Each structure stands twice: as structure tokens, then as C-alpha cells.
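Working through the structure, step by step
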Amino acid sequence: MILVSEDPINAADQLAIFEKSVPDAGGIVSFSGQVRPKADGESVTGLHLQAYHPMTTTGIEEAVQKAQSRWPLNGIRVLHRVGTILTGETIVFVATASEHRRAAFEAADFLMDYLKTDAIFWKKELTENGEKWVEPRAQDYDDSARWIK
């Protein structure tokens, strides 16, 4: 399942739903990302994310297909929020399942690297001092480069 939406994400609920959908899995890995309260030493009140849904969703679907062709997976769930998301709220939830843990870990890591660097989102950080557009960090691109073969 892939969903890009303004709806809040409850990671515990999403994990429970996912676990029930993959009864034959031996390893399940989940990651949820939240809005940090500080960035570059500045207090953050939230983020505003925009997406062009046809391109954003298609790109995520392609990344999911790559993960499925690369690792033996029993299931994948990717949820990403758009709109205004306040500090402490969940932005993203990714879960992967496989017969064995290593494939689930690597697939989840691969998908998160895609979402951080290549997914079509425009992200604006909201701070006490105003707003600023946010780009992936150099470390994010280094992390993503691990998957190029």
C-alpha cells in the first residue's frame, strides 16, 4: 500500500494493520519519521510539504517495485504526509516484511533513502523566525548512493 495524504499517521496503528497483512513474514521492519523540534540550532514549529500527486505517487510506486525486485518481500507499506505537519507529528511511515530480517531491513532503508532524496516533495521548514525551503543534506545523497549498482 502506498498513500500520500494530509491525514495524520498513527505509526502504532499502521504497524498493527501491516503485521496482520503479512502472516507468513519472519521479519518485519518499520520506520516512522517525525518533525524535529530543532534544525540547524533553530526551533522548528512544523513543516509544510507539497506534492504533485501523479509524479510523487508514481515515483514511490517505482521505488517499491525496485525494492520488490531486489529483495524477497512479503509486503510493503508506505505512507507520507503532505500539508502542514507540526513538531512531533509523524511525516512518514514505511514498513517492509520478508521471510528473513535482513531483506526487510535493507528494503526499508532503501525506501527511506528514496523518500529523502528522490521523491517529488517540496518541503518548507516553519520556524519562529520564518519559513525556509529545505533540500536533502549531502549525507542523504551519500546514503542513497549505496543502492546504485
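Residues numbered from 1 in each chain as written. Predicted model: local features only at pLDDT ≥ 70, side-chain atom pairs only at ≥ 80, totals over all residues. Heavy atoms only, no water.

1. Quick notes on the packing of aromatic side chains
For the structure on display, the rule yields 3 aromatic pairs. Look at Phe110 and Trp147: their rings are 5.8 Å apart centre to centre, the planes differ by 90°, and that puts the pair in the edge-to-face class. One end of the pair, Phe110, is in helix H3 (residues 101-117); the other, Trp147, is in the segment after helix H4 (138-145), and 37 residues separate them in sequence. Comparing Phe110 with Trp147 shows no difference in burial state: the two are buried. An aromatic cluster is defined as three or more aromatic residues linked by ring pairs; in this entry it consists of Trp71, Phe110 and Trp147. (Phe/Tyr/Trp six-rings, centres within 6.5 Å; stacked < 30°, edge-to-face > 60°. Helix = DSSP H or I, 4+ residues; strand = E, 2+ residues; numbered from the N terminus. Buried < 20%, exposed > 50% of the residue type's maximum accessible area, 1.4 Å probe, protein only.)

2. Looking at a nonpolar patch on the surface
A surface patch of nonpolar side chains, amounting to about 480 Å² of accessible area, comprises Tyr52, Met55, Trp122 and Trp133. Turning to its location among the elements, Met55 is positioned in helix H2 (residues 53-70). Judged by its relative accessible area of 47%, Met55 is partly exposed. (Patch = residues over 30% accessible without salt bridge, like charges linked within 9 Å, V, L, I, M, F, W, Y side chains within 5 Å. Areas by Shrake-Rupley, 256 points an atom, 1.4 Å probe, with all protein chains shown as cover. Salt bridge = Lys/Arg side-chain N within 4 Å of Asp/Glu carboxyl O.)

3. Details of the nonpolar core
Counting 32 residues, the largest nonpolar core has Ile60, Trp71, Val78, Val94, Leu111, Leu115 and Phe121 as the members making the most contacts within it. Looking at this core, the elements that each hand over two or more residues are strand E4 (42-51), H2, strand E5 (73-81), strand E7 (90-98) and H3. By residue number, the principal contributor to this core is H3, which donates 9 residues. Here Trp71 is in contact with Ala103, Glu106, Ala107, Phe110 and Trp147, once residues within four sequence places are set aside. Counting 7 residues, the second largest nonpolar core, distinct from the first, contains Ile9, Phe18, Val22 and Leu79. (Core = buried A, V, L, I, M, F, W, Y, C linked by side-chain atoms within 4.5 Å. Contact = heavy atoms within 4.5 Å.)

4. A closer look at the sheet that holds E5
Sheet strands pair via backbone hydrogen bonds, and the direction of the pair is either parallel or antiparallel. An order of E1-E5-E7-E2 is seen for the 4 strands of this open sheet, with the pairing classed as mixed. The sheet is open, and its two borders are formed by strand E1 (2-5) and strand E2 (27-34), each paired with just one other strand. Between one strand and the next, the sheet's axes are offset by a mean angle of 5°, whatever the strand orientation. Taken together, the 4 bridges between E1 and E5 define a ladder with parallel strand orientation. Bridging from a neighbouring strand, Ser5 pairs with Arg81 of E5. (Pairing = 2+ DSSP bridges. Axes fitted to C-alpha atoms, helices over the stretch in contact; angles between N-to-C directions.)

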